Amino acid sequence: MKFTTLMASAALALGLAGGAYAQDKTKVGFVFVGPVGDGGWTYEHNQGRLAVEKEFGDAVETVFVESVAEGPDSERVMTQMALDGADLIFTTSFGYMDPTINVAKKFPDVKFEHATGFKQSANMSIYNARFYEGRAVIGTIAGHMSKTGVAGYIASFPIPEVVMGINAFTLAAQKVNPDFKTNVLWVSSWYDPAKEADSAKALIDQGADIIAQHTDSPAAFQACEQRGLMAFGQGWDMSSFAPKAHLTAIQNKWGVYYIKRVQAVLDGSWSSGDSWWGMKDGILEMSAFNDRIPADVQAAARATQAAIIDGSGHAFDGPIIDNEGKERLAAGSHLSDKDLHAMDWYVKGVQS
């Protein structure tokens, strides 16, 4: 485990200030579930950390720990950050939820922010991005470009965030091809390149000619590149790993949120809250489209994105039938945020 910290020497500060005490910096910590070089989820969270440094300069000091296992290990890391003087700590994976709650209780003067969870307290906020909006965009592309009408989806854990992404992807593809199917393989990990590559190969052998994922390494793209097939990125533009296979990626621009929340600490306005931002807020965007996507398909994908941003469209418009034949939503309406947060079912066409 690597602990990286950017600290100014107190002696140097005194020397530069002519003997006056330098103003204390606001210390911001980040707990990462994967390596900062994963090319996906953690990489982009770390880009957000770097954006904080660029925005605030010497007023802020950041620290991070990467590849922290969800569970007791994360609680120890958070505790140490608080003991080391962190004023604000971001914990960036679903499995950090209970550990963050526990540590927040022990350090009521420290502010905590937990990504993708649902528990909060007076000194613990929760935040997330509407990833499903990006899944609708890539689903539109998949519906147009899949020749078999079957996609493979490499999934991490069956939590609502992941389930709603699978469903949004499938529903968007079915607007193009009503018979479209999505085969899902669960790897029970956020980052395991070997499992992700093996899963991609297995899904391809089952008839999928296009691969989506809610895992963090580029290994699946490399498998698709070898087979001459297509794939979508997760968290960041992964095209450098598979320039032919990679069609586009959902990019998570966490710096937009991190800068706002650090500013709130600096100006004394921070309070616990629940933020769920989407494309219109600038926290999600699509990477450049691969030239192998035909112009009309690119236009259809951009139309899906534009409708989501301006509110004229929604990833979960009715009617929606689940994969057991039950109507989950009538025509003329769309699922509420409450329904999305509780999603534990799959739409018609999903095989999990």
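The rules behind the values
Residues numbered from 1 in each chain as written. Predicted model: local features only at pLDDT ≥ 70, side-chain atom pairs only at ≥ 80, totals over all residues. Heavy atoms only, no water. Helix = DSSP H or I, 4+ residues; strand = E, 2+ residues; numbered from the N terminus. Contact = heavy atoms within 4.5 Å. Phe/Tyr/Trp six-rings, centres within 6.5 Å; stacked < 30°, edge-to-face > 60°. Core = buried A, V, L, I, M, F, W, Y, C linked by side-chain atoms within 4.5 Å. Buried < 20%, exposed > 50% of the residue type's maximum accessible area, 1.4 Å probe, protein only. Salt bridge = Lys/Arg side-chain N within 4 Å of Asp/Glu carboxyl O.

A. Examining the side chain of serine 287 more closely. Among the secondary structure elements, serine 287 is positioned in the loop between β13 (284-286) and α10 (295-310). What serine 287 contacts, discounting residues up to four positions off in sequence, is Asp237, His246, Thr248, Ala249 and Gln251.

B. The arrangement of the packing of aromatic side chains in detail. Summed over the entire model, instances satisfying the criterion amount to 23 aromatic pairs. Summarising the aromatic geometry, the rings of phenylalanine 94 and phenylalanine 118 are spaced 6.4 Å apart at their centres and angled 45 degrees between planes, so their arrangement reads as tilted. In this pair, phenylalanine 94 sits in the loop between β4 (88-91) and α4 (97-106) while phenylalanine 118 sits in the loop between β5 (111-115) and β6 (124-129), placing the two residues 24 residues apart along the sequence. Taking 5.7 Å as the distance between ring centres and 70 degrees as the angle between the ring planes, the aromatic pair formed by tyrosine 153 and phenylalanine 169 counts as edge-to-face. Within this pair, whereas tyrosine 153 is found in strand β7 (residues 150-155), its partner phenylalanine 169 is found in helix α6 (residues 160-176), the two being separated by 16 residues in sequence.

C. Representation of the nonpolar core. Ranked by size, the top nonpolar core spans 92 residues in total, and within it Phe90, Ile141, Phe169, Phe232 and Phe316 carry the most contacts. Of all the elements, α6 adds the most residues to this core, at nine residues. Other than its neighbours up to four places away in sequence, phenylalanine 232 contacts Ile138, Ile141, Ala142, Phe169, Ile210, Ile211, Ala212, Gln213, Phe221, Leu247 and Thr248.

D. Fine view of the pattern of salt bridges. On inspection of all chains with the given rule, the structure shows nine salt bridges. Taking the shortest distance from any N to any O, the salt bridge between arginine 49 and glutamate 53 comes out at 3.0 Å. You can see arginine 49 and its partner glutamate 53 sitting in helix α2 (residues 41-56), four residues apart, about one turn around the helix. Residues aspartate 337 and arginine 130 are paired through a salt bridge, measuring 2.8 Å at the closest nitrogen-oxygen approach. You can see aspartate 337 sitting in helix α11 (residues 337-341) and its partner arginine 130 sitting in the loop between β6 and α5 (131-145), a full 207 residues away along the chain.

Coordinates in, geometry out; function isn't part of it.
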